[in-house]
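Below, each chain spelled out in residue letters.
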Amino acid sequence: MLTHTGTNTIITERLILRRFEYSDDDAMLKYWVADEKIQSLYSEPVYSTKEAVKELLDKYIGSYGKDDYYRWAVIEKKTGECIGQIAYFLVDSKNHFAEIEYCIGSAFQCKGYATEAAKAVITYGFDNIGLHKVQICTKTINIPSKRVIEKCGFTYEGTLRDFFYMNNEYVGRLYFSMLRNEYEQNKSQWEASS
């Protein structure tokens, strides 16, 4: 039995993970939602106008009333700006698992922000919601995302070959997961290395 709590604020060393607000629109446009490369790597459309971003925020903010809805704006503490997002976009209450998706703006990549956010959301999933399994997938061409997945300690499960057709070529989809007992081991390693 899962304990659904909805999207509550999580604070890490350099980030605040919180519910989206309409005032995030400018930073979203500046850092990630209008970036075709960022959006295509996690199979989302490009949002290039404030009106389009408002519609997206309507969807995000309008869903916060559901207890099993988990989507966080990734806020850099130093600037107070929204540099990306992270979510349990798929929550399976019957089978006690959830799947993570995330994106971080190009200017903030390779600084450990995605890993920091992912570890916080994984911890939230196991400790607060009571998940048995957290899963994640990425495209074979998304090297930075694979690094995040490795740093978090996920176990490779398999590849769906030629799953996506992008830019005139086929791209595979890699699946990884973490079970509760593996999380306990990973968590002590995360704490030791921080």
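Since this is a predicted model, take the numbers as computed values, not measurements. (Residues numbered from 1 in each chain as written. Predicted model: local features only at pLDDT ≥ 70, side-chain atom pairs only at ≥ 80, totals over all residues. Heavy atoms only, no water.)

### Focus on the nonpolar core
This is how the line gets drawn: For the purposes of this section, nonpolar cores are sets of buried Ala, Val, Leu, Ile, Met, Phe, Trp, Tyr and Cys residues that join through side-chain atoms within 4.5 Å. Note on exposure labels: buried denotes an accessible area under 20% of the residue type's maximum, exposed denotes more than 50%, and partly exposed covers the range between, all computed with a 1.4 Å probe on protein chains only. To qualify as a helix, a DSSP run of H or I must reach at least 4 residues; to qualify as a strand, a run of E must reach at least 2; elements of each kind are numbered from the N terminus.
Residues L17, W32, I86, Y88 and I122 are the most contacted members of the largest nonpolar core, which totals 57 residues. At 10 residues, helix α4 (residues 113-129) tops the list of elements feeding residues into this core.

### A word on the pattern of salt bridges
If the charged atoms of two oppositely charged side chains come close together, the side chains can form a pair. Using the following cut-off: Any carboxyl oxygen of Asp or Glu that lies within 4 Å of a side-chain nitrogen of Lys or Arg is treated as forming a salt bridge with it.
The final tally for this structure, using the stated rule, is 10 salt bridges. Linking R14 and E116 is a salt bridge whose minimum nitrogen-to-oxygen distance equals 2.7 Å. With R14 in the loop between β1 (10-11) and β2 (15-18) and E116 in helix α4, this residue pair connects regions lying 102 residues apart in the sequence. Owing to a relative accessible area of 27%, R14 belongs among the partly exposed residues under this scheme. Note that D26 and K50 form a salt bridge whose closest N and O atoms lie 2.8 Å from each other. Here D26, found in helix α1 (residues 25-31), pairs with K50, found in helix α3 (residues 50-62); they are 24 residues apart in sequence, far enough to count as distant. The class of D26 is partly exposed, set by a relative accessible area of 46%. The exposure class of K50 is partly exposed, given its relative accessible area of 40%. What you see here is one network of salt bridges that share partners, running through R18, E21 and D24.

### So, the sheet that holds strand β5 (residues 97-104)
The condition that has to hold: DSSP-based pairing: two strands are paired if at least 2 bridges between them are found. Note on contacts: a residue pair is in contact if any heavy atoms of the two residues lie within 4.5 Å. Where helices are involved, their axes are fitted lines through C-alpha atoms of the stretch in contact, as for all axes, and angles between N-to-C directions lie from 0 to 180°.
Taking strand neighbours across the sheet as the criterion, the 8 strands line up as β1-β2-β3-β4-β5-β6-β8-β7 in an open arrangement whose pairing is mixed. Strand pairing shows two members of the sheet lacking a second neighbour, β1 and β7 (155-166), which therefore form its edges. Helix-sheet contacts for α4 involve β1, β2, β3 (70-76), β4 (82-92), β5, β6 (133-139) and β8 (169-179), and the interaxial angle to β4 is about 35°. Strand contacts of helix α5 (residues 143-152): β5, β6 and β8, with the helix running at about 155° to β6, the strand carrying the most contacts.

### Things to note about α3
Here is the rule we go by: A helix is expected to reach a length of 1.5 Å times the quantity of its residues less one. In this description, one arc is meant: the one made by directions from the helix axis to the C-beta atoms.
The terminal C-alpha atoms of α3, which comprises 13 residues, lie 17 Å apart, in line with the 18 Å expected from a rise of 1.5 Å per residue. Listed as buried for α3 are V53, L56, L57 and Y60. Down the axis of α3, the smallest arc covering the buried residues is 100°, so these residues share one side. Counted as exposed and oriented over 90 degrees from the buried face of α3: E51, E55, K59 and G62. Along its buried surface, α3 packs onto α1 and β3.

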